[in-house]
Structures are given as structure tokens and as C-alpha cells.
Amino acid sequence: MNCKITTIPGDGIGPDIVREGCRALDAIGKKFGHGFEYTEVKAGGCAIDATGEPLPKESLEACVASDAVLLGAVGGPKWDTLPGAKRPEKALLGLRAGMKVYANLRPALMFPQLSAACPLKPEIVKDGLDILIVRELTGGIYFGDRGRNAAGDAAWDTEAYSRPEIERVVKIGFESAMKRQKRLCVVDKANILETSRLWREVAESMKGKWPEVELSYMYVDNAAMQLVRNPGQFDVIVTSNMFGDILSDEASQITGSIGMLASASLGDSGPGLYEPIHGSAPDIAGKDLANPLATILTCAMLLRFSFGLSREADAIEKAVSKVLDAGWRTGDIAGSAADRAALGDRLVGTRKMGDLVIAAIEAL
Ligand code: IPM
Ligand code: MG
């Protein structure tokens, strides 16, 4: 198979980790006989520096014209003082809307090899931690009407959802649940918000199509609490853009594996947008310190969802697992100072970690 991938290394550690993701893909290509062709474009802070725009028109066009998009990270303190519409984060919103990727899949997975880093008590996560958050990504308060009054001393942001917008993302929730533990929880604030009441109505009207899925509802404040109290009760969560933003940060943090988590944003047709969950970590950019595993695992999602290459995706995940089993760690997953010292030369940098995964792919 020949795959056209647009890469957006972006800012901070983005270029370091996207490079390793592409190297892992190339190792997969070599082993399984696929060709990956990359087109690199700019978005985020580096695009602001080069063109004045966070998402130049040509960048979005290249993304839409490709089979899949791999994004590293955007943003950094250098651009933090710019006004809203000119900030690097605007590139993310522009990409999501421009590529029409309305369903954001954020798995929060605890790697058993890294369970010591989980901040929850061992008895709470004794059965592991594996939750999929499906976040609506192109609607809600992120894209609703906002503004200020003439005096500038009052402001508003609007949460709005239409039935079709809810239906298409809840459908992804049901379909994802069918591939997992068959439990779907709609997280909302239906005791207050009219949009949430519509979410419930829509989910109710759809559930007949997936009779095997156990459907439940939970208020978002309770869900935030339940995630730390008893995360094992969740299988798939489907929720609005803003609630999904908040809960996915919480969920990723309780895995203790934030440097390991991948995400995929999908639409009905057209390319998917794939990015690691973590940020641009400008303090360690270009220093060969970043953990490339989240991006490499993001490439597994890319293979699975955009190209249907599940054997190849499994191979990446197996290779990463083997590298962890053998005790190799980057700084972020190395544990305490004593753990780090004990690691010796198994404490490695970005490129070496990439090399190890490639060697593990080749050895599978
Ligand atoms: C995320 C981020 C973005 C969001 C920001 C950077 C705009 O927090 O991808 O979760 O809020 O969607
Ligand atoms: Mg976020």
C-alpha cells in the first residue's frame, strides 16, 4: 500500500518526536511492504514566525489532500502573548474544523510496565486502567458564538449542538464500545444544560441499534470524581468538546503514562488527524530528551484507522511493549531519582528510544 502522509512537526519537541514516528512507520513499511510518502507543512508557532498565520492556507490544503496527518505539538511561551485569533492553538482548531474531524478518540491506558507511575492507589487500579474518551471536536462552546459588549466588561461563549452533530459522534461511541467492553457512558450536565438534555435524547433514540451496549449517563462533575475514585467502571465515554477536553486531561494523568498516550481525530471520510496527547514541552525541545513513544503509538492508530492496517498497528504496539519489558525508559517514565540511577544505560534519549522500537519491529 502507498500512503500519503502530511506531517506537521510544529513547535517544541514536535520535530523530535515526529521524526521518530516517521522512522517507525518506515520500519513498518520495510517489513510489511508499504510505502509512506511524507509532505511536511508548518502549523502553530513556527508558522506564525514564518508567515504570520498559525495555519497557512497551503498547510490545510496539503492536509486535506493527503491520506492521513501526523501532528507533533504546537505552541510555546514565545507566542503566549498573542491575541486569541493569532495564537498557535488556533491552528489546532483550524485543522479540526478544516479537516472536519469531529470525533476525537483519546485512549487513557495504563501500561502495566509503568504502573508504578500511576498516581492512584494500587488497589484502585489493580485491574488495570483502559478507558476510551470520545470527545466531540468540531462543535460546542469551542466553535459557538462568542463576544463582548461594547464596554468590554461583559463576555459570552455559546454552547450549541444540533442533533446530527450529536448523532455522528455518539455513533462512534457505540461502535467503539462494541469493539471493547460494550459499555458506553454519555457524560453531560443534563441537570443544567439544554444541550446536554438533547445529547441524552439523541443517545436514547439511538441505543436500539446497539442492544448489546450498556448505555449510561453521568453528570460531568460526578464523572470527574468517579475517574479518580473508581476508573474501572468506565469503558467508553462520549462527551462534548469542552467536557472531553477536561476529562481527557484528567484521564491521561491518572494513567501515569502521559508521555505514552496517542490520539486520533476522525471524520466521515477524508484523512484522519493523529497526534500524541502531550504538549510541546519547549524546555526540552531539541535536546534528545522527549519521549517519542506517544507519537510512535499514534502512528499505530494512524495505520489502524486511516489505512485499515491492523497487523501493522499491532506490530508497533507489540514492539513498544517489548522495549518497555526490557526496561528501556526515557526520563519522563524513569520514575524516582533512585529508579533513574538504577536504570544506568537503559535511561535513553529520543533517538535511541526510536532505534530500540525499530529494532523491536524488525525482530518481531
Ligand atoms: C487539546 C488542547 C487544545 C484543546 C487546546 C490547545 C486548544 O487542550 O487538544 O486538548 O483545548 O482542544
Ligand atoms: Mg486539552
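Owing to the predicted nature of the structure, the values given are computational and were not obtained by experimental measurement.

Residue position: D11 is located in the loop between β1 (2-10) and α1 (14-32). For the buried D11, which has no salt bridge, the nearest side chain bearing the opposite charge is K78, at an N-O separation of 8.0 Å. With residues near it in sequence (within four places) discarded, D11 still touches A43, G44, G45, C46, A73, V74, G75, W79, P88 and S280.

It is worth spelling out the nonpolar core at this point. Membership of the largest hydrophobic core comes to 69 residues, with the highest contact counts inside it found for V170, M260, L293, L303, I316 and V320. Residue contributions to this core peak at 9 residues, all from helix α9 (residues 293-307). Among the nonpolar cores identified, the runner-up in size contains 20 residues, and A108, M110, M218 and A251 belong to it.

Neighbouring ligand 1 are E89, L92, R96, R106, R135, Y142 and D245. One of the side-chain N or O atoms of R106 is found 2.9 Å from an oxygen atom in ligand 1. In this structure, an oxygen atom belonging to ligand 1 sits 2.8 Å away from a side-chain N or O atom of R135. In isolation ligand 1 has 320 Å² of accessible area, and contact with the protein removes 71% of it. Broken down by element, the residue count for the shell around ligand 1 peaks at 3 residues, all from helix α4 (residues 89-99). For the shell around ligand 1, the per-class residue count stands at 2 nonpolar, no polar and 5 charged. Here the shell around ligand 1 gathers at least three residues from each of two domains, domain 1 (1-103 + 260-364) and domain 2 (119-254).

Here we take up the packing of helix α7 (residues 220-229) against helix α8 (residues 241-255). For the pair α7 and α8, interaxial distance at closest approach is 10 Å and the crossing angle is 10°. As far as their axial angle goes, α8 and α7 are roughly parallel. For the pair formed by α7 and α8, the contact residues are V220, A223, A224, L227 and V228 on the first element and F243, L247, E250 and I254 on the second. Residues of the contact of α7 with α8, tallied by class, amount to 8 nonpolar, no polar and 1 charged.

Here is what the cut-offs are and how they apply
Residues numbered from 1 in each chain as written. Chains lettered and ligands numbered in written order. Predicted model: local features only at pLDDT ≥ 70, side-chain atom pairs only at ≥ 80, totals over all residues. Heavy atoms only, no water. Helix = DSSP H or I, 4+ residues; strand = E, 2+ residues; numbered from the N terminus. Buried < 20%, exposed > 50% of the residue type's maximum accessible area, 1.4 Å probe, protein only. Lys, Arg positive; Asp, Glu negative; His and termini not counted. Salt bridge = Lys/Arg side-chain N within 4 Å of Asp/Glu carboxyl O. Contact = heavy atoms within 4.5 Å. Core = buried A, V, L, I, M, F, W, Y, C linked by side-chain atoms within 4.5 Å. Near = heavy atom within 4 Å. Polar contact = N/O pair within 3.5 Å; in protein donor to acceptor, adjacent residues only side chain to side chain. Areas by Shrake-Rupley, 256 points an atom, 1.4 Å probe, with all protein chains shown as cover. Nonpolar A, V, L, I, M, F, W, Y, C, P; charged D, E, K, R; others polar. Domains from an automatic or database assignment. Axes fitted to C-alpha atoms, helices over the stretch in contact; angles between N-to-C directions. Parallel < 35°, antiparallel > 145°, perpendicular 65-115°, else oblique.

Distances and angles like these do not, on their own, reveal function.
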